[in-house]
Amino acid sequence: MKKLFLVLAAAAMTFSTAIAQEAATATAEQPATEVVEAVEAPAIDAETEIAGESIHYVLMQKFLEGGWGWMLPILVVLVLGMAIAIERILFLSLSTINTKKFIAKVEAALNEGGIEAAKEVCRNTKGPIASIYYQGLDRYHLGLDAVEKAVVSYGSVQTGQLESGLGWLSLFISLSPSLGFMGTVVGLVQSFDSIQAAGDISPALVAGGMKVALLTTLLGLIAAMVLQVFYNYVIVKIDGMVNEMEDASITLTDMLTAYNKK
């Protein structure tokens with residue numbers, strides 16, 4: 001997980017550095033370009049100009065127009081949130097097994113080779129259900145009450161491991177729009193400062209600050225919505241696995257009760 005964080009954080013920093021470099025180049029070349037266009041070409045329709053530009057260039061321009069000082073923190077929060085979400089999805093996918101097939105294998109091993117054979121099946125199987133089964137079988141010699149307590153206790157431990165990192169993901173979901181709204185407030189303050197300095201109200205004075213306000217809010221809301229989708233997917237996945245763990249735990253108790261009567 002830490003390695004994934006580092007890779008995605010480095011990618012975000014590289015992306016922001018590339019944006020800053022392209023912005024500096026575009027700013028340096030802008031005066032000369034404007035002179036040539038004024039002499040050689042008539043006015044070009046705005047929609048036609050945007051249609052001819054690449055999506056990457058348009059996004060870069062909007063990112064810079066929103067102010068990298070406010071857009072970059074939102075982008076970093078989005079990258080970190082995505083890192084947690086992807087890590088959780090990969091972890092849950094690797095922990096998922098065919099529960100019915102696993103229970104059938106444990107029951108067959110228990111009937112044919114006893115507790116040790118069933119434990120060996122659990123050792124060779126990944127996932128939280130196999131770990132819970134192993135802990136229950138390992139305490140069979142202490143009695144069925146000890147098995148039930150071990151299954152319940154270790155089930156809580158496995159649930160906590162499945163939910164690891166979700167607190168940070170929830171924080172990033174709340175933080176993204178908050179940073180966007182903060183940029184909104186800053187943009188409005190800039191607009192009023194421009195009006196106060198000029199002593200007059202005109203669209204040109206207000207446009208810059210309002211653009212910062214709207215673009216930061218837009219990026220913050222987009223980041224929050226993207227992370228919310230991944231968060232809900234992970235939550236649904238965890239709920240399904242927890243239900244399977246509870247059902248499998250009941251099956252283990254019944255299995256060992258029947259085995260104890262032999």
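Note that this is a predicted model, so its numbers are computed, not measured.

> Run through the overall build of the chain, naming residues and quoting values.
The helix and strand tally for the chain stands at 9 helices and 0 strands. Reading the secondary structure of the chain in the N-to-C direction produces α-α-α-α-α-α-α-α-α. Counting all 262 residues of the chain, 34% fall into the buried class. In the chain, the share of contacts with a sequence separation of at least 24, taken over all contacts with a separation of at least 6, comes to 77%. Summed over its atoms, the accessible surface of the chain is roughly 15400 Å², and 65% of this surface lies on carbon and sulfur atoms.

> Break down the pattern of salt bridges for me, citing the residues and quoting the values.
The full count for this structure, using the stated rule, is 4 salt bridges. Taking the shortest distance from any N to any O, the salt bridge between Arg88 and Glu87 comes out at 2.9 Å. Residue Arg88 is classed as buried on the basis of its relative accessible area of 4%. In this structure, the salt-bridge partner of Lys119 is Asp138, at a minimum N-O distance of 2.9 Å.

> Give a description of the environment of Val147 that names residues and reports values.
You can see Val147 is positioned in helix H7 (residues 144-162). Val147 gets classed as buried once you look at its relative accessible area, which sits at 1%. For the pair formed by Val147 and Leu137, sequence separation is 10 residues and the distance between their alpha carbons is 7.1 Å.

> Help me get a handle on the environment of Ile235, residues and values and all.
As for its placement among the helices and strands, Ile235 is situated in helix H9 (residues 203-260). For the pair Ile235 and Arg88, spaced 147 residues apart in the sequence, the C-alpha separation amounts to 10.0 Å.

> Tell me about the packing of aromatic side chains, and please be specific about residues and values.
Counted by the stated rule, this structure contains 3 aromatic pairs. Over the face of the ring belonging to Phe91 we find Arg88, whose NZ or CZ atom lies 4.5 Å from the ring centre.

> Could you give me a rundown of the environment of Val229, with the residues and numbers involved?
Structurally, Val229 can be placed in helix H9. Sequence-wise, Val229 and Ala85 are 144 residues apart; in three dimensions their C-alpha atoms are separated by 9.7 Å.

> Now, about helix H6 (residues 128-138): what can you tell me, with residues and values included?
In terms of burial, H6 is largely enclosed, as 8 of its 11 residues are buried. Taken together, the buried positions of H6 are Pro128, Ile129, Ala130, Ile132, Tyr133, Gln135, Gly136 and Leu137.

> How would you sum up a nonpolar patch on the surface? Please name residues and give values.
Nonpolar side chains collect at one region of the surface, where Phe181, Leu218, Leu221, Ile222, Met225 and Val226 lie side by side and expose about 530 Å² of accessible area between them. Given a relative accessible area of 38%, Ile222 falls into the partly exposed group.

> Account for the side chain of Gln158, with residues named and values stated.
Structurally, the position occupied by Gln158 is in helix H7. Given the relative accessible area of 7%, Gln158 is considered buried. Each residue touching Gln158, except ones within four places of it in the same chain, is listed here: Pro128, Ser131, Ile132 and Met245.

> Can you explain helix H5 (residues 99-123)? Please cite residues and give values.
Here H5 is 25 residues long, yet its end C-alpha atoms lie only 15 Å apart, well below the 36 Å a rise of 1.5 Å per residue gives. A bend of about 145° at Gly113 is the largest found in H5.

> Any chance you could break down the nonpolar core for me, citing the residues and the numbers?
Ranked by size, the top nonpolar core spans 45 residues in total, and within it Phe102, Val106, Tyr133, Leu137 and Leu256 carry the most contacts. Taken together, the elements giving at least two residues each to this core come down to helix H4 (68-95), H5, H6, H7, helix H8 (166-198) and H9. Of all the elements, H9 adds the most residues to this core, at 13 residues. In this structure Leu256 touches Leu110, Ile115, Leu137, Tyr140, Leu144 and Val147, once residues within four positions along its chain are discounted.

> Give a description of the packing of H5 against H6 that names residues and reports values.
In contact at an axis separation of 11 Å, H5 and H6 are set at 30° when each is read in the N-to-C sense. By the angle class used here, H5 and H6 are roughly parallel. Remark: the crossing between H5 and H6 carries right-handed chirality. The segment H5 lies against H6, with Thr99, Phe102, Ile103, Val106, Ile115, Ala118, Lys119, Cys122 and Arg123 engaging Ile129, Ala130, Tyr133, Tyr134, Leu137 and Asp138. Of the residues contributing to the contact of H5 with H6, the split by class is 11 nonpolar, 1 polar and 3 charged.

What counts and how
Residues numbered from 1 in each chain as written. Predicted model: local features only at pLDDT ≥ 70, side-chain atom pairs only at ≥ 80, totals over all residues. Heavy atoms only, no water. Helix = DSSP H or I, 4+ residues; strand = E, 2+ residues; numbered from the N terminus. Buried < 20%, exposed > 50% of the residue type's maximum accessible area, 1.4 Å probe, protein only. Contact = heavy atoms within 4.5 Å. Areas by Shrake-Rupley, 256 points an atom, 1.4 Å probe, with all protein chains shown as cover. Salt bridge = Lys/Arg side-chain N within 4 Å of Asp/Glu carboxyl O. Phe/Tyr/Trp six-rings, centres within 6.5 Å; stacked < 30°, edge-to-face > 60°. Lys NZ or Arg CZ within 6 Å of the ring centre and 35° of its normal. Patch = residues over 30% accessible without salt bridge, like charges linked within 9 Å, V, L, I, M, F, W, Y side chains within 5 Å. Expected span 1.5 Å × (residues − 1). Bend = angle between axes of the 7 residues up to and from the residue. Core = buried A, V, L, I, M, F, W, Y, C linked by side-chain atoms within 4.5 Å. Axes fitted to C-alpha atoms, helices over the stretch in contact; angles between N-to-C directions. Parallel < 35°, antiparallel > 145°, perpendicular 65-115°, else oblique. Left-handed = near helix turned anticlockwise from the far one by under 90°. Nonpolar A, V, L, I, M, F, W, Y, C, P; charged D, E, K, R; others polar.

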